[in-house]
Amino acid sequence: MTIKNKLRAGFSFLFVLALLCCGLSIYFLNRLSADAKDILKDNYKSVQFTKDMGVAIDASPGILTPQQAKIIEENLVKEEHNITEPGEGRLTDSLRAEYERLKQVQNDPAKITLLHSDIKRLLYGIMQLNMNAIIHKDTMAKATANRAILLVAFVATFLFLVAFSFVVNFPSYIANPLKELTEKIKEVSKRNYRQQLDFTSNDEFGELARAFNTMTIKLDEYENSNLASILFEKKRIETIINSMQDAIVGLDEKSFIIFVNQVACTLIGMSEQNLTGRYAPDIALENDLMRNLLVNDQPKMKIYADNRESYYSKAVLSILSKDIVIGSVIILKNITEFQQMDEAKTNFIATISHELKTPISSIKMSLKLLEDSRIGEVNTEQRQLLENIDEDAHRLLQITTELLDMAQVETGKLHLNFGNTHPRNIVDYTVKALKTTAEQKQIEINVQCDENLPDVHADLDKSTWVLINLLSNAIKYSHEKSVIDLTVKKRQADEIEFSVRDHGRGIDQQYLSRIFDRYFKIPGTNTDQPGTGLGLAIAKDFIEAQAGKIGVESEIGEGSRFYFTLKIIGRQS
Ligand code: ADP
């Protein structure tokens, strides 16, 4: 039976019992009232009639006065109409006969006295009969009342017991399963899915238990299958990480090591067991490589491990979950082979460019001689050809010089000749060198350089080379008849900033970060402009070697501003 029906039945039962109790009470009250009415109507009135007649008889021991006769007559008639007890009719009839005789013998005192006592005896008899009946009926009414009290008390007690057991048992009948269900749900919320309810009833709780049990079984199955697949995936990722040639260290958001692969263990010189789960900064205190991994932000590092020196590039990837950093992965890529190849390439370039410089210089020298009229006259076409050769030789020399400079920087053979010089010298030399080129495009170079600026402590040649490079780029990428601002100003207490601002085509934001990379040229824009893509890279090396900074701000269509800083004399660190 469902709980709903059980409740209905329980309450109906109580209601019926309460009704029964009320019904019984009403019934017995009615019966008692009827008994009382009977006593009053049947017997009490007869007693009253006989008493009135007795009083009237006693009041006239001799002849009946009309007044007394009337009272007796009236009460006798009433009594004759109120015969209720067995024998009462006979006594009343005798009373009537004696009374009639009394009326006849009014002149005979002896007979009157005799009849008086007969009548009194009969009146007493009737009265006694009714009194007995009253006592009897009273006893009966008392018995009925007792029975009623007993019965109603019995029904009320039963009703009370039922209601009491209902009050005691019903709350726990509802609350106990709910309590058990709540506890199981709490367990489920702790991912403890092996919970079962054992309500076997056929009511709503039974149904609820069956649904709950099915749910927990399904959750358990799901959890197990999930766990299995997560473990499988974990194993697979561990295998992949371990089979990689790069060293990999995984850290959680609090810098505790979550995983390390075999290569990382070899490089760090510690076993996986000694690394996993430990706080990385603690290991860094006793391990140089770990310290470098955590602190050093240089992308390339030289590591001595396995009895040889190797080069590694470091990359740190932040692991994000919903924009929150939940850890990081440090990857050390073995770039020894590339490093060796790069060194070979640099040496090769250095050798070639060095070797090329001599023949190119001699070509230029020969061209100068050919241009000299003392050697012999050349016609217009030949002069044009000679000019072309001179231009190409000049460009070739420039490229070779750039390549040599770059090779020198890369091999660490860059020599700086520091000296103190006024920024104006660098600017003047630059503007002079590119005056003709600017004029060819009718570009105005607007120089702003305060004479009161302090001297800079720099390599004059290399710094001038950088400014020439920036200005020559600005001219190259400016429209004809435009203006280029060459500004020199004090930027910080110890720095002078040189900036070249053009109003040319500008540089797309996506290329700004790569513009100082070697051989980088903006794709698709340099078809008409010759160049190696080395100028800015070498400029960066030259400036940074002098503890300066170099940078660019640019907006496509608006032009670019290239700038670099040099240290003020006496302030350099
Ligand atoms: P290049 O010798 O090819 O000019 P650079 O290193 O000097 O090499 O410059 C790299 C690239 O940066 C150029 O190829 C050009 O695309 C871009 N670039 C340099 N300066 C400017 C400038 N002022 N305006 C627009 N693009 C420029």
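Above this text you will find the structure in question.
Bear in mind that the values here come from a model prediction, so they are computed numbers and not experimental data. (Residues numbered from 1 in each chain as written. Predicted model: local features only at pLDDT ≥ 70, side-chain atom pairs only at ≥ 80, totals over all residues. Heavy atoms only, no water.)

1. Some remarks on the overall build of the protein
For the protein, the helix and strand inventory stands at 15 helices and 12 strands. On C-alpha atoms alone, the protein measures out to a radius of gyration of 65 Å, which is more than a quarter above the 25 Å that the 2.2 N^0.38 rule sets for 573 residues. A principal-axis box enclosing the C-alpha atoms of the protein has dimensions of 215 × 60 × 50 Å. Counting only contacts in the protein whose residues sit at least 6 apart along the sequence, the fraction spanning at least 24 positions is 63%. For the protein, the distance from the average site of its 68 positive side-chain charges to the average site of its 77 negative ones is 7 Å. (Helix = DSSP H or I, 4+ residues; strand = E, 2+ residues; numbered from the N terminus. Rg over C-alpha atoms; globule rule 2.2 N^0.38 Å. Contact = heavy atoms within 4.5 Å. Lys, Arg positive; Asp, Glu negative; His and termini not counted. Charge placed at Lys NZ, Arg CZ, Asp CG, Glu CD.)

2. Comments concerning empty space enclosed by the protein
A complete count under the given rule lists one cavity of 30 Å³ or more for this structure. In terms of lining, the largest cavity is formed by A247, I248, V249, A264, I268, L289, L293, I330, I331 and L332. Where the lining of the largest cavity is concerned, the elements lending two or more residues are β1 (247-252), α6 (262-268), α9 (288-295) and β5 (324-334). Residue classes in the lining of the largest cavity are distributed as 10 nonpolar, no polar and no charged. (1 Å grid on protein atoms, 1.4 Å probe; cavity = no way out; pocket = protein on both sides within 12 Å on 5 of 7 lines; lining within 4 Å. Points joined across faces, edges and corners; volume = space filled by probe spheres on them. Nonpolar A, V, L, I, M, F, W, Y, C, P; charged D, E, K, R; others polar.)

3. Regarding the environment of D450
Mapped onto the elements, D450 comes out in the loop between β7 (444-449) and β8 (456-459). Put simply, D450 and K103 are 347 residues apart on the chain and 170 Å apart in space, counted from C-alpha to C-alpha. Among residues more than four places away in sequence, those in contact with D450 are H422 and V488. Among the polar contacts listed, one links the side chain of D450 to the backbone nitrogen of N452, at a separation of 3.1 Å. (Polar contact = N/O pair within 3.5 Å; in protein donor to acceptor, adjacent residues only side chain to side chain.)

4. Quick word on the side chain of R96
Relative to the assigned elements, R96 resides in helix α3 (residues 88-104). When neighbours within four sequence positions are excluded, R96 is seen to be in contact with E73, L76, V77 and E80.

5. Things to note about the pairing of strand β3 (residues 300-305)
Judged by which residues are buried, β3 turns out to be one-sided: M301, I303 and A305 face inward and are buried, whereas K300, K302 and Y304, on the alternate face, are not. For β3 and strand β4 (residues 308-321), the ladder comprises six bridges, and the chain directions are antiparallel. Within β4, the position partnered with A305 by the bridge is R308. Counting the residues between successive antiparallel strands, the hairpin from β3 to β4 contains two residues, one of them, D306, with a positive phi of roughly 55°. (Buried < 20%, exposed > 50% of the residue type's maximum accessible area, 1.4 Å probe, protein only. Pairing = 2+ DSSP bridges.)

6. A word on helix α10 (residues 336-371)
Helical periodicity: at 3.6 residues per turn, an α-helix aligns residues three or four positions apart in one direction. Over its 36 residues, α10 extends 51 Å from the first C-alpha to the last, a length consistent with the 52 Å expected when each residue adds 1.5 Å. Those residues of α10 not exposed but buried are T336, Q339, T346, I349, S353, I360 and L367. Tucked inside the fold, the buried residues of α10 contact β3, β4, β5 and α11 (380-410). (Expected span 1.5 Å × (residues − 1).)

7. Some remarks on the sheet that holds strand β12 (residues 559-567)
In spatial order, the strands read β7-β9-β10-β12-β11; together these five strands make up an open sheet with mixed pairing. Two strands close off the open sheet at either side, each with one partner strand: β7 and β11 (550-555). Pairs of neighbouring strands in the sheet enclose a mean axial angle of 15°, with direction left out of account. When strand β10 (residues 495-501) meets β12, the two strands line up antiparallel, connected through seven bridges. Across the sheet, V500 pairs through a bridge with F562, a residue of β12. Set on the sheet, helix α13 (residues 460-476) makes contact with β7, β9 (483-490), β10, β11 and β12; between it and β12 the angle comes to about 175°. Here helix α15 (residues 535-545) sits on the sheet and contacts β11 and β12; the angle it forms with β12, its principal contact strand, is near 25°. (Axes fitted to C-alpha atoms, helices over the stretch in contact; angles between N-to-C directions.)

8. Concerning the nonpolar core
Counting 46 residues, the largest nonpolar core has L486, F498 and F564 as its most contacted members. Tallying contributions element by element places α13 first for this core, with six residues. (Core = buried A, V, L, I, M, F, W, Y, C linked by side-chain atoms within 4.5 Å.)

9. Thoughts on the packing of α10 against α11
Between α10 and α11, the shortest axis-to-axis distance is 8 Å and the interhelical angle comes to 150°. Taken as axis vectors, α10 and α11 run roughly antiparallel relative to one another. For α10 against α11, the interelement crossing comes out left-handed. Counted by class, the contact of α10 with α11 contains 16 nonpolar, seven polar and eight charged residues. (Parallel < 35°, antiparallel > 145°, perpendicular 65-115°, else oblique. Left-handed = near helix turned anticlockwise from the far one by under 90°.)

10. Re the layout of surface pockets
One number sums up the size of the second largest pocket: a volume of about 330 Å³. What lines the second largest pocket is a set of 13 residues, and nearest its centre among them are K300, D342, K345, E410 and R518. Elements with a minimum of two residues in the lining of the second largest pocket: α10 and α15. Counting residues per element, the lining of the second largest pocket draws most heavily on α10, which supplies five residues.

11. Some words on the pattern of salt bridges
For the structure shown, the criterion picks out 37 salt bridges. Here E100 and K103 are joined by a salt bridge, their closest N and O atoms 3.5 Å apart. Taken together, the residues E100 and K103, both in helix α3 and three residues apart, mark about one turn of the helix. Here E238 ties to K235 by a salt bridge, and the two come within 3.9 Å at their closest N and O atoms. Here the residue E238 and the residue K235 both occupy positions in helix α5 (residues 204-243), the gap between them amounting to three residues, near one helical turn. Overall, the relative accessible area of 32% leaves E238 in the partly exposed class. Taking the relative accessible area as the measure of exposure, K235 reaches 54% and is therefore exposed. One network of salt bridges, with partners in common, ties together E73, E80, R96, E100 and K103. (Salt bridge = Lys/Arg side-chain N within 4 Å of Asp/Glu carboxyl O.)

12. Some details on the environment of E558
Within the fold, E558 resides in the loop between β11 and β12. Of the residues examined, E558 reaches a relative accessible area of 47% and is grouped as partly exposed. With residues near it in sequence (within four places) discarded, E558 still touches R501, D502, H503, G504 and R505.

13. Considerations on the environment of K521
Along the chain, K521 falls in the loop between α14 (509-512) and α15. Placed 22 residues apart in sequence, K521 and S499 show a C-alpha to C-alpha distance of 21 Å.

14. A few points about the side chain of T400
Mapped onto the secondary structure, T400 falls in helix α11. Taking relative accessible area as the criterion, T400 reaches 4% and is therefore assigned buried. There is a polar contact of 2.3 Å between the side chain of T400 and the backbone oxygen of L396. Apart from residues no more than four positions distant in its own chain, T400 is found in contact with S353, L356, K357 and I360.

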